[in-house]
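Structural features, examined
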2 protein chains.
Amino acid sequence: MSENEHASVSLSLSALFLDIFRTNGSLVAAGDQLVAPLGLTSARWQVLGAVAMAPVPQPVAHIARDMGLARQGVQRLVNDLVDAGVLTLQDNPHHRRAKLVCLTPPGHKLFSSVHALQRPWVDGLAQDLDPAKLAVAAEVLQALRQRLEAGLEEDRD
Amino acid sequence: MSENEHASVSLSLSALFLDIFRTNGSLVAAGDQLVAPLGLTSARWQVLGAVAMAPVPQPVAHIARDMGLARQGVQRLVNDLVDAGVLTLQDNPHHRRAKLVCLTPPGHKLFSSVHALQRPWVDGLAQDLDPAKLAVAAEVLQALRQRLEAGLEEDRD
DNA sequence: ACCCATTTGACAATATGTTGTCATATTTTG
DNA sequence: CAAAATATGACAACATATTGTCAAATGGGT
């Protein structure tokens, strides 16, 4: 690859960074607006989803690792959702401190409502998007994330 | 397109959302680490870059729109950078309140240092990335953002 | 059994970002 | 030109996220 071609890849990548920042922001804003009628926010929605989709109840630290967020951020969100009666902390037979995060019955109901909102919303956004291009985009982001996290050398928390 | 194919696009899109969240987080974390030696953070770096790259000095509100962020978030960052001596507010002949944001001489020097750090970092990340795939990823993110922002109906401040 | 590194949650400080409200300045419209 | 709509920054409240510190719990190695 020539120097010019190499430079152009770096420039494209810098531009992609800005796209990621802005798309992330739009995604959070749109998500906030979508689930606001349910008394939720994007961040709480994400946590609720992570708990609901987990095959088995997990402690907060595990959820945080799955989501790629700092442990304490998820901890606060979980605490808030417990206060809101959506989640509950179940005793963990394997660890006295690391309680297992579960949905309450209202939590299950809330998750169903979220899903009912989420589906048509995502379907609408996906309309006319090329599946092959989506796959390429996911591949690029994953490759990028892998390199970034390798550079961070497991520093997160 | 069959219903199954449609559903698979929606599923891919939901997965892409998670990729965007995580890549954005990694990007911010890696950026923070990169520019920390210069006493900067990712957010301040972004603002500094926006000011430095603008062909002509602009008021805060304009910069915020360019970056797709809320006006007040950028306002606070600019105020912090002014306090730090990196930026200065120049009188705007066309608008008494909307001062123009400019780099101070130390700000210019700082931006050069940032650029010297940024270039090899981006080059390293771009290594072996397929330019065509990068272009597709950018295209997908831009399409997504456009739909999201259309859904927000220009609500953002 | 004991020590030590790791994991985990509590608590707190700080950075980032959105939203709301207000006063003032500018622009548009009638 | 006057009134209304819009743009802008100051100030403040809040949500989100990282980082640091601490104590308790766990697990591993000797």
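What counts and what doesn't
Residues numbered from 1 in each chain as written. Chains lettered and ligands numbered in written order. Predicted model: local features only at pLDDT ≥ 70, side-chain atom pairs only at ≥ 80, totals over all residues. Heavy atoms only, no water. Helix = DSSP H or I, 4+ residues; strand = E, 2+ residues; numbered from the N terminus. Buried < 20%, exposed > 50% of the residue type's maximum accessible area, 1.4 Å probe, protein only. Contact = heavy atoms within 4.5 Å. Expected span 1.5 Å × (residues − 1). Near = heavy atom within 4 Å. Polar contact = N/O pair within 3.5 Å; in protein donor to acceptor, adjacent residues only side chain to side chain. Least-squares fit on C-alpha atoms with pLDDT ≥ 70 in both. Buried area = accessible area lost by both parts, 1.4 Å probe. Salt bridge = Lys/Arg side-chain N within 4 Å of Asp/Glu carboxyl O. Arc of directions from axis to C-beta. pLDDT = per-residue confidence, 0-100. Phe/Tyr/Trp six-rings, centres within 6.5 Å; stacked < 30°, edge-to-face > 60°.

1. Focus: the overall build of chain A
- Of regular secondary structure, chain A possesses 6 helices and 2 strands.
- In sequence order, chain A lays out its α and β elements as α-α-α-α-β-β-α-α.
- In terms of overall dimensions, chain A has C-alpha extents of about 60 × 40 × 25 Å along its principal axes.
- Per-residue burial over chain A gives 39% buried out of 157 residues.
- Taking the intrachain contacts of chain A between residues at least 6 apart in sequence as the baseline, contacts between residues at least 24 apart amount to 51%.

2. Points about helix H6 (residues 131–152) of chain A
- Compared with an ideal rise of 1.5 Å per residue, which puts 22 residues at 32 Å, H6(A) spans 31 Å between its outermost C-alpha atoms and is within 8% of the ideal.
- Within H6(A) the residues assigned to the buried category are Leu134(A), Val136(A), Ala137(A), Ala138(A), Val140(A), Leu141(A), Leu144(A), Arg145(A), Leu148(A) and Leu152(A).

3. So, the protein's contact with DNA strand D
- Neighbouring DNA strand D are 24 residues, the closest being Thr41(A), Ala70(A), Arg97(A), Arg71(B) and Gln72(B).
- When the atoms of DNA strand D within 4 Å of the protein are sorted by group, sugar and phosphate make up 59%.
- Val60(B) has a polar backbone atom sitting 3.3 Å from a phosphate oxygen of DNA strand D.
- In the environment of DNA strand D, a phosphate oxygen lies 2.7 Å from a nitrogen or oxygen atom belonging to the side chain of Arg65(B).
- Mapped onto the surface near DNA strand D, the elements with two or more residues apiece are helix H2 (42–53), helix H4 (71–83) and strand S2 (95–103) of chain A together with helix H3 (60–67), helix H4 (71–83) and strand S2 (95–103) of chain B.

4. Here's the deal with the relation of the copies chain A and chain B
- For the pair chain A and chain B, the relating rotation is 180 degrees, the translation along its axis is 0.0 Å, and the fit reaches an RMSD of 0.1 Å. Classification of the inter-copy transformation places it as that of a two-fold axis. Among all C-alpha atoms of chain A, that of Ala137(A) lies closest to the rotation axis, at 2.0 Å.
- A shared interface surface links the copies, since 100% of the contact residues of chain A are contact residues in chain B too.

5. Some words on the side chain of Arg145(A)
- Counting through the fold element by element, Arg145(A) comes out in helix H6.
- Beyond its immediate sequence surroundings of up to four residues, Arg145(A) is in contact with Asp19(B), Arg22(B), Thr23(B) and Ser26(B).

6. Focus: the interface of chain A and chain B
- Residue-level contacts link 56 residues of chain A with 56 residues of chain B.
- Both faces combined, the contact of chain A with chain B buries some 5500 Å², and carbon together with sulfur accounts for 66% of it.
- Counting across the chain A and chain B interface gives 2 salt bridges.
- For Glu139(B), the salt bridge goes to Lys133(A), with nearest N and O atoms at 2.6 Å.

7. A word on helix H3 (residues 60–67) of chain A
Residues and elements named next belong to chain A.
- Taken together, the buried positions of H3 are occupied by Val60, Ile63, Ala64 and Met67. Buried residues of H3, viewed axially, fall in a sector of 100 degrees; they line one side.
- Of the residues flanking the end of H3, it is Gly68, one or two places downstream, whose phi is positive at about 75 degrees.

8. What to know about the environment of Val114(B)
Residue and element names in this part refer to chain B.
- Mapped onto the elements, Val114 comes out in helix H5 (residues 105–126).
- C-alpha separation for the pair Val114 and Leu40, spaced 74 residues apart in sequence, amounts to 9.1 Å.
- For Val114, the residues in contact, after removing those within four places along its chain, are Leu38, Leu40, Trp45 and Leu48.

9. So, the confidence of the model for chain A
- This prediction gives chain A a mean pLDDT of 92; 92% of its residues lie at or above 70.
- By mean pLDDT, helix H1 (residues 3–35) of chain A is the weakest element of chain A at 88, and H4(A) is the strongest at 97.

10. Details of the packing of aromatic side chains
- The full count for this structure, using the stated rule, is 4 aromatic pairs over all chains.
- For the ring pair Phe17(A) and Trp121(B), a centre distance of 5.8 Å and an interplane angle of 50 degrees mean the geometry is tilted. You can see Phe17(A) sitting in helix H1 and its partner Trp121(B) sitting in helix H5, one on each of two chains.

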